[in-house]
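# Working through the structure, step by step
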Amino acid sequence: MDNAELQLLAKAADLLAAGDLVIVPTETVYGLAADGLNPRAVRKIFEAKGRPSSHPLILHVAEVEQARHLTSSWPEEATALARRFWPGPLTLVLPKASAVPDEATGGLDTVAVRMPDTPLSRRLITQLGRPIAAPSANRFTRLSPTSTDQLDPDLLQHVALVLDGGPCRIGIESTVLSLVEEPTILRLGVISPDAIEEVIGTMVRVSVDGNDGRAPGQHPKHYSPTARLQIVDEVSSGGWGLTFGEAASERQIKVPDDPTSYARELYAALAKLDSQNPPLIEVQRVPETEEWAAVRDRLRRAAAD
Ligand code: TXA
Ligand code: MG
């Protein structure tokens, strides 16, 4: 890091320590960060996003030890998963320690923790000396930003500083795995149930349509552009949409046919079409295979009324 970057990092840490909001890069999507142990700062996140305060946030850490301190029990599975997948796009839900404010967990007695795979954000957490609470840096139910040019001006009004880390490498939000009872995936992501089973040696349940409505990633309408979105077999010739074939016009974007690249480009592509204020965005159906599961989940929610 050069001097200018170090100064920016120090400034970001000072702002967080003072209770302000900072936008931070992660490998999945950009996060809207606050000091995770400061209830007043965490409340600002909900105001900025327009998100109900009962929705729990993820606390981001720079060290495994820091995550353990936020929990009241840390099973062997957590150690094994952290060793294999951290830093990276896996969030673990565990019983919370008393130091974690209710504001960060939506009043739940569990806490979500993850270690982001961007050195810039980990250095920021280290410099602050505390975990950062950070939901995706979008307004409630809207698309998560995967680069700083997708940030919503209304959201930015609440933010003291933006740390730009360039485009996000993964592009969709982390896998959320609860280890509170039997291992259960609450949100699909690029770390698959199979990959998790391989590490912990037991079956993983997938329950991504929880019905208590508190989990925003499980909110039926989520990750949505402003325009209506529809999954189709073929994008209409004059219409706006994402297609695996050749784009017929400026209104269409050709998307990659592998799930990793598709995930990386998805939100930026939808944001680009949405900025043209189309009446409808058509998205060509993606394959039904397991490796597309996380992308299919996001598209299904984006298309929900
Ligand atoms: O990739 C990501 O996870 C991004 C980056 C910024 O780290 N963050 C993110 O945060 O997507 P957010 O707030 O948009 O989504 C958090 C997800 C939600 O699905 C929420 O329900 C779940 O984590 N979650 C958080 N705490 C929980 C808890 N105690 N119990 C169950 N689910 C929880
Ligand atoms: Mg979100």
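Residues numbered from 1 in each chain as written. Chains lettered and ligands numbered in written order. Predicted model: local features only at pLDDT ≥ 70, side-chain atom pairs only at ≥ 80, totals over all residues. Heavy atoms only, no water.

Inspection of the entire model under this criterion finds 4 aromatic pairs. When the ring of W74 is compared with that of W86, the centres are 6.3 Å apart and the planes differ by 55 degrees; the resulting orientation is tilted. Residue W74 is located in the loop between α3 (64–69) and α4 (76–85), and its partner W86 is located in the loop between α4 and β4 (90–95); the two are separated by 12 residues in the primary sequence. Since its relative accessible area comes to 13%, W74 is described here as buried. Taken together, a centroid distance of 6.1 Å and an interplanar angle of 90 degrees make the contact between F244 and W292 edge-to-face. Taken together, the residues F244 in the loop between β12 (240–243) and β13 (252–254) and W292 in the loop between β14 (280–284) and α10 (293–303) connect sequence positions 48 residues apart. A residue is classified by how much of its surface remains accessible, and W292, at 2% relative accessible area, is buried. Ring pairs connect the aromatic residues F244, Y262 and W292, which therefore count as one cluster. (Phe/Tyr/Trp six-rings, centres within 6.5 Å; stacked < 30°, edge-to-face > 60°. Helix = DSSP H or I, 4+ residues; strand = E, 2+ residues; numbered from the N terminus. Buried < 20%, exposed > 50% of the residue type's maximum accessible area, 1.4 Å probe, protein only.)

Our next topic: the side chain of K49. When you line up the elements, K49 lands in helix α2 (residues 39–49). Buried K49, no salt bridge; nearest opposite-charge side chain is E173, N-O distance 8.2 Å. Within polar-contact distance, the side chain of K49 engages the backbone oxygen of S136 at 2.7 Å. Among the polar contacts made by the side chain of K49, one reaches the main-chain carbonyl oxygen of N138 at a distance of 3.1 Å. Residues contacting K49, with those up to four places away along its chain left out, are L32, P135, S136, N138, R139, F140 and L155. (Lys, Arg positive; Asp, Glu negative; His and termini not counted. Salt bridge = Lys/Arg side-chain N within 4 Å of Asp/Glu carboxyl O. Polar contact = N/O pair within 3.5 Å; in protein donor to acceptor, adjacent residues only side chain to side chain. Contact = heavy atoms within 4.5 Å.)

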